[in-house]
4 protein chains.
Amino acid sequence: MSPSESPGPTPADLLAAMPFAAHLGVELHEAAPERAVGSLAWSPESCTVGGVLHGGALMALADSVGAVCAYLNVPPGAGTSTVESKTNFLRGVASGKVHATARPLHVGGTLVVVQTDLRDDQDRLVGQTTQTQIVLDPKHGSMG
Amino acid sequence: MSPSESPGPTPADLLAAMPFAAHLGVELHEAAPERAVGSLAWSPESCTVGGVLHGGALMALADSVGAVCAYLNVPPGAGTSTVESKTNFLRGVASGKVHATARPLHVGGTLVVVQTDLRDDQDRLVGQTTQTQIVLDPKHGSMG
Amino acid sequence: MSPSESPGPTPADLLAAMPFAAHLGVELHEAAPERAVGSLAWSPESCTVGGVLHGGALMALADSVGAVCAYLNVPPGAGTSTVESKTNFLRGVASGKVHATARPLHVGGTLVVVQTDLRDDQDRLVGQTTQTQIVLDPKHGSMG
Amino acid sequence: MSPSESPGPTPADLLAAMPFAAHLGVELHEAAPERAVGSLAWSPESCTVGGVLHGGALMALADSVGAVCAYLNVPPGAGTSTVESKTNFLRGVASGKVHATARPLHVGGTLVVVQTDLRDDQDRLVGQTTQTQIVLDPKHGSMG
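Residues numbered from 1 in each chain as written. Chains lettered and ligands numbered in written order. Predicted model: local features only at pLDDT ≥ 70, side-chain atom pairs only at ≥ 80, totals over all residues.

Novice: Mind laying out the interface of chain A and chain B, listing which residues take part and the relevant values?
Specialist: The interface of chain A with chain B comprises 31 residues on the first partner and 31 residues on the second. If you list the elements that add at least two residues to the side of chain A that touches chain B, you get helix 2 (19-24), helix 3 (55-71) and strand 3 (79-89) of chain A. Of all the elements, strand 3 of chain A adds the most residues to the side of chain A that touches chain B, at 9 residues. Of the residues in the side of chain A that touches chain B, the class split is 13 nonpolar, 14 polar and 4 charged. The sheet contact formed by strand 3 of chain A and strand 3 (residues 79-89) of chain B spans 5 bridges and is antiparallel. Pairing of Asn-88 of chain A across the sheet is with Glu-84 of chain B, part of strand 3 of chain B. (Contact = placed C-beta atoms within 7 Å. Helix = DSSP H or I, 4+ residues; strand = E, 2+ residues; numbered from the N terminus. Nonpolar A, V, L, I, M, F, W, Y, C, P; charged D, E, K, R; others polar. Pairing = 2+ DSSP bridges.)

Novice: How would you sum up helix 3 (residues 55-71) of chain C? Please name residues and give values.
Specialist: A rise of 1.5 Å per residue sets the reference length of helix 3 of chain C, with its 17 residues, at 24 Å; its end C-alpha atoms lie 24 Å apart and thus fit the reference within 8%. Taking burial as the measure, the 17 residues of helix 3 of chain C include 17 buried ones, the bulk of the element. (Expected span 1.5 Å × (residues − 1). Buried ≥ 20, exposed ≤ 12 C-beta atoms within 10 Å, placed from the backbone.)

Novice: Tell me about the relation of the copies chain A and chain B, and please be specific about residues and values.
Specialist: Superposition of chain A onto chain B requires a rotation of 180° combined with a translation of 0.0 Å along the rotation axis, giving an RMSD of 0.0 Å. The two molecules are tied by a two-fold rotation axis, judged by turn and shift. The C-alpha atom lying nearest the rotation axis in chain A is that of Lys-86 of chain A; the distance is 2.1 Å. Take the interface residues of chain A: 100% of them recur as interface residues in chain B, which is what a same-surface contact looks like. (Least-squares fit on C-alpha atoms with pLDDT ≥ 70 in both.)

Novice: Requested: an account of the sheet that holds strand 2 (residues 35-41) of chain B, with residues and values cited.
Specialist: Strand order across the open sheet formed by 12 strands is 1(A)-2(A)-4(A)-5(A)-6(A)-3(A)-3(B)-6(B)-5(B)-4(B)-2(B)-1(B), with antiparallel pairing between neighbours. Looking at strand neighbours, the two that pair on one side only are strand 1 (27-32) of chain A together with strand 1 (27-32) of chain B, the edges of this open sheet. Averaged over all pairs of adjacent strands, the angle between their axes in this sheet comes to 20°, without regard to strand direction. Inspection of the sheet shows strand 5 (residues 111-119) of chain B paired to strand 6 (residues 125-136) of chain B by 9 bridges, in the antiparallel sense. Counted as the bridge partner of Leu-118 of chain B is Gly-127 of chain B from strand 6 of chain B. Here helix 3 of chain A sits on the sheet in contact with strand 1, strand 2 (35-41), strand 3, strand 4 (97-107), strand 5 (111-119) and strand 6 (125-136) of chain A together with strand 3 of chain B, set at roughly 140° to strand 3 of chain A. (Axes fitted to C-alpha atoms, helices over the stretch in contact; angles between N-to-C directions.)

Novice: Give me the pairing of strand 6 (residues 125-136) of chain C: which residues, what numbers.
Specialist: Residue and element names in this part refer to chain C. Judged by how many residues are buried, strand 6 sits mostly within the fold: 10 of 12 residues are covered. Relative to strand 6, strand 3 (residues 79-89) runs antiparallel, the two sharing 10 bridges. Across the sheet, residue Ser-81 finds its bridge partner in strand 6, namely Ile-134. With antiparallel pairing between neighbouring strands as the criterion, strand 5 (residues 111-119) and strand 6 make up a hairpin whose turn holds 5 residues, including Asp-123 at a positive phi of roughly 65°.

Novice: Requested: an account of the confidence of the model for chain A, with residues and values cited.
Specialist: Keep in mind that low pLDDT regions are not for reading the predicted coordinates in detail. Residues and elements named next belong to chain A. The predicted model of chain A has a mean per-residue pLDDT of 90, with 90% of residues at 70 or higher. In the predicted structure, residues 1-5 sits below a pLDDT of 50 and forms 1 contact with residues beyond four places in sequence or in another chain. Here the predicted complex scores 0.92 on pTM and 0.90 on ipTM. (pLDDT = per-residue confidence, 0-100.)

Novice: If you had to explain the interface of chain A and chain D to someone new, which residues and values would you point to?
Specialist: If you look at the interface, chain A gives 7 residues, while chain D gives 7 residues. Elements supplying a minimum of two residues to the side of chain A that touches chain D: strand 3 and strand 6 of chain A. A per-element tally of the side of chain A that touches chain D places strand 3 of chain A first, with 3 residues. Residues of the side of chain A that touches chain D, tallied by class, amount to 3 nonpolar, 2 polar and 2 charged.

Novice: Give me the environment of Val-135 of chain B: which residues, what numbers.
Specialist: All names here are of chain B. Relative to the helices and strands, Val-135 resides in strand 6. Sequence separation of Val-135 and Leu-111 is 24 residues, and the distance between their C-alpha atoms is 5.8 Å. Setting aside anything within four residues of it in sequence, one finds Val-135 in contact with Val-74, Ala-78, Thr-80, Gly-109, Thr-110, Leu-111 and Val-112.

Novice: A description of the packing of helix 3 of chain C against helix 3 (residues 55-71) of chain D should follow, citing residues and the corresponding values.
Specialist: Viewed as axis vectors pointing N to C, helix 3 of chain C and helix 3 of chain D meet at an angle of 160°, and their least axial separation amounts to 8 Å. On the basis of the axis angle, helix 3 of chain C is roughly antiparallel to helix 3 of chain D. For helix 3 of chain C against helix 3 of chain D, the interelement crossing comes out right-handed. For the pair helix 3 of chain C and helix 3 of chain D, the contacting residues are Gly-55, Gly-56, Met-59, Ala-60, Asp-63 and Ser-64 of chain C in the first and Gly-55, Gly-56, Met-59, Ala-60, Asp-63 and Ser-64 of chain D in the second. (Parallel < 35°, antiparallel > 145°, perpendicular 65-115°, else oblique. Left-handed = near helix turned anticlockwise from the far one by under 90°.)

This is the structure we're talking about:
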């Protein structure tokens, strides 16, 4: 099948492959190799002390959108797995949505590095996650 | 009140203050300044591609247990907030439980650094999270 | 002295305050709160195995330029100290110069987060460093 | 040649392969797969503001000793390269020596994760570095 006949997985396909992200309420809006965009709405059950979103919820959002971005940068049939993830938390989020935009910093044959900005409804940077993903060949695992 | 009359919050109290952790199924077994221990059972809804626990679920576990450890190292009335979090993922988890043990690497007046080992049922290290927490004075927030 | 009479420290002043940076051959070209720029030339004594710049040399460059950027974002008389530093190494450098550009991701009263891109002579991203700096009040230390 | 005839590289051999480490004055005392130990003495030219060791010097020490540990965990002929490095700085060092002890957290076929504790002469933890190293096969590079 030629590329024009195979536009690749849709955001819905990609989200369905990650039950945890769907369980948390992560939404995926754009999914392309150069940019993946998702969001997570504030909810009481995603909070920690003080009614702000739990760091774990923010990292799960970033990890999900970042994984999609990494996956779209590897060859057909290959998958990815997160090797390490670093997040700076810059501002608490007590309402609205958090918007995640993931972009590749580096695409190599063995490793892909993705950086995900997390912004609130006022477009303020609330966090940033940088992740290294290892490329898994078709024999070892896939995300599709 | 003397310390002997005030044993501090129980694991149940601490977990109740973090709705996200409870929502995910994080359990808290020990809560002391020198060591906090919790766990998360594998479940289909906490997985990513391939039936392994999602990195976000592991980071949420580590962040929850690490936050408890940090909180128990700050003065009464003070709280903490995660400033940055770094996780290395060393091995996928496809069944059983992940056991998190958090210990302080450093306790200062402004910052507390906590390190959390994540182990599987065979006691293999599956990940490690190191977090910097900022100490919030009673006027700005608390975890109790 | 009013701000208009006191344009702040020059790159030379700032570099002189960091003997290690000067010792390594770090050069500082621009120093402003929104952007600090420096560079380090490849040299045999800054290499590791294989004739590529040692990761430690790249981190020292990033730490120096990032510290300048952080320092220029704190009140007069205050200083900063690096709390944590994370670098992704994306490409080896075997000749030419590495150019470091540091920008603040977040400026708070207690913490400043600075991100420094490292690029080679072909403007390729060879690494990126993100650092958290703590603000030290005049009583505890200063960089000027 | 049998293992008993080939005890592997000595600390002096390993240090000679890293000109930057030698240039800074890093000393290497032990070099074994399960533990590598090195040190760096305080000196005026390794300082930043305030007469404390520059973060870049501490990271260069950790990176050098950690690289040795990683290298000793890969097959003969293979080498390693640092993919990412994270350091927490816990205490300033204004005199004496910093002692670095590196141990593997994880040894895989593609990636090795090494953690290096940095301690002062009073055995206080002054920093900790965790690094991911990629294994380079003999065709791509080596450290010996």
